[in-house]
Amino acid sequence: KVKVNFYKFDDLTPVDSLEFKFDMKPNAVTNVETIDLYNYLHQRKFGVYEHFMIFHLFNYGNESEVLASNFLFPANYQDLLTIRDPNLKLKITSSECKNGKSLAIIEVRIDKPAIFVWMTLQHEDVEKFKFSKNGYIQVEAVENVQIEFKNPNCKSKVSEKDLIVKTLNKFMGKQGETVLK
């Protein structure tokens, strides 16, 4: 099935949703549904400058498993009127190092949608690192993101002050950068 959630830029709760169930053959493309989006938004009094959509494709055999997600902004970024500071907060909730590899869990908290959350690590002993997700749209109040990096002697410790997080909210002038130093 495909589920479409409609959000306001200043609220984490979907204001509307649509679901489409369908059968799909492996390695095929299927037209699930056609919607006149602007008419749909207009009928519900959803402004194109205040709302966005997130699409989720679920596994047929396990409807809790999201196979793919995508988003749609019905207006240009520079025209978005109600994008707000997501009040983004970071916390490392766990950290371990085994066999020269460190893994940490970063809790990312917001109270408004965070558009294109982008994280980087600035630590003098860490050259390469990998986040489990990056450049994503966060509409859940709490997301856990993993960071993994080589740590040959398990000497390097990463803390919140080593993390820099940016969002499109910041570039829109809505305070979306978090530097904890």
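So, here's what we can say about the structure. (Residues numbered from 1 in each chain as written. Predicted model: local features only at pLDDT ≥ 70, side-chain atom pairs only at ≥ 80, totals over all residues. Heavy atoms only, no water.)

Helix and strand counts for the protein stand at 2 helices and 12 strands. Helices and strands in the protein line up, N terminus first, as β-β-α-β-β-β-β-β-β-β-β-β-α-β. Reported as C-alpha extents along the three principal axes, the dimensions of the protein are approximately 60 × 40 × 20 Å. Among the 181 residues that make up the protein, the fraction classed as buried is 39%. (Helix = DSSP H or I, 4+ residues; strand = E, 2+ residues; numbered from the N terminus. Buried < 20%, exposed > 50% of the residue type's maximum accessible area, 1.4 Å probe, protein only.)

Phi at K45 is positive, roughly 60°, even though this residue is not glycine. Locating K45 in the fold gives a position in the loop between α1 (37-43) and β3 (51-58). What makes K45 exposed here is its relative accessible area of 75%. The backbone of C154 shows a phi angle near 55°, a positive value even though the residue is not glycine. Take C154: its relative accessible area is 25%, and that puts it in the partly exposed class.

Pairing within the open sheet is antiparallel, and its 4 strands lie in the order β5-β6-β10-β8. Both edges of this open sheet fall to β5 (89-98) and β8 (129-131), since each of them pairs with a single strand only. This sheet shows a mean twist of 20° between the axes of neighbouring strands, independent of strand direction. Relative to strand β10 (residues 142-150), β8 is paired through 3 bridges, and the arrangement is antiparallel. Looking across to β10, one finds that F129 is bridged to F149. (Pairing = 2+ DSSP bridges. Axes fitted to C-alpha atoms, helices over the stretch in contact; angles between N-to-C directions.)

A few words on the packing of aromatic side chains. Under the defined criterion, the tally for this structure stands at 10 aromatic pairs. The positively charged end of R44 is found above the aromatic ring belonging to Y40, 3.6 Å away from the centroid. (Phe/Tyr/Trp six-rings, centres within 6.5 Å; stacked < 30°, edge-to-face > 60°. Lys NZ or Arg CZ within 6 Å of the ring centre and 35° of its normal.)

Counting 24 residues, the largest nonpolar core has V4, F6, F9, F52, I115 and I137 as its most contacted members. Breaking this core down by element, the ones donating at least two residues are β1 (2-8), β2 (16-20), α1 and β3. Top element by residues in this core is β1. It accounts for 4 residues. With residues near it in sequence (within four places) discarded, F9 still touches Y49, E50, H51, F52, F73, L80, T82, I83, R84, K112, P113 and I115. In this structure, A104, V108, L121 and L163 belong to the second largest nonpolar core, which totals 21 residues. (Core = buried A, V, L, I, M, F, W, Y, C linked by side-chain atoms within 4.5 Å. Contact = heavy atoms within 4.5 Å.)

Let's shift gears to the sheet that holds β1. An order of β2-β1-β3-β4 is seen for the 4 strands of this open sheet, with the pairing classed as antiparallel. Of all the strands in the sheet, just β2 and β4 (66-72) have a single pairing partner and so form its edges. The sheet shows a mean angle of 15° between the axes of neighbouring strands, direction not considered. Bridge count for β3 against β4 is 6 bridges, and the pairing is antiparallel. Residue pairing across strands places L57 opposite A68, the latter belonging to β4.

Geometric descriptors of this kind do not, in isolation, establish any biological role.
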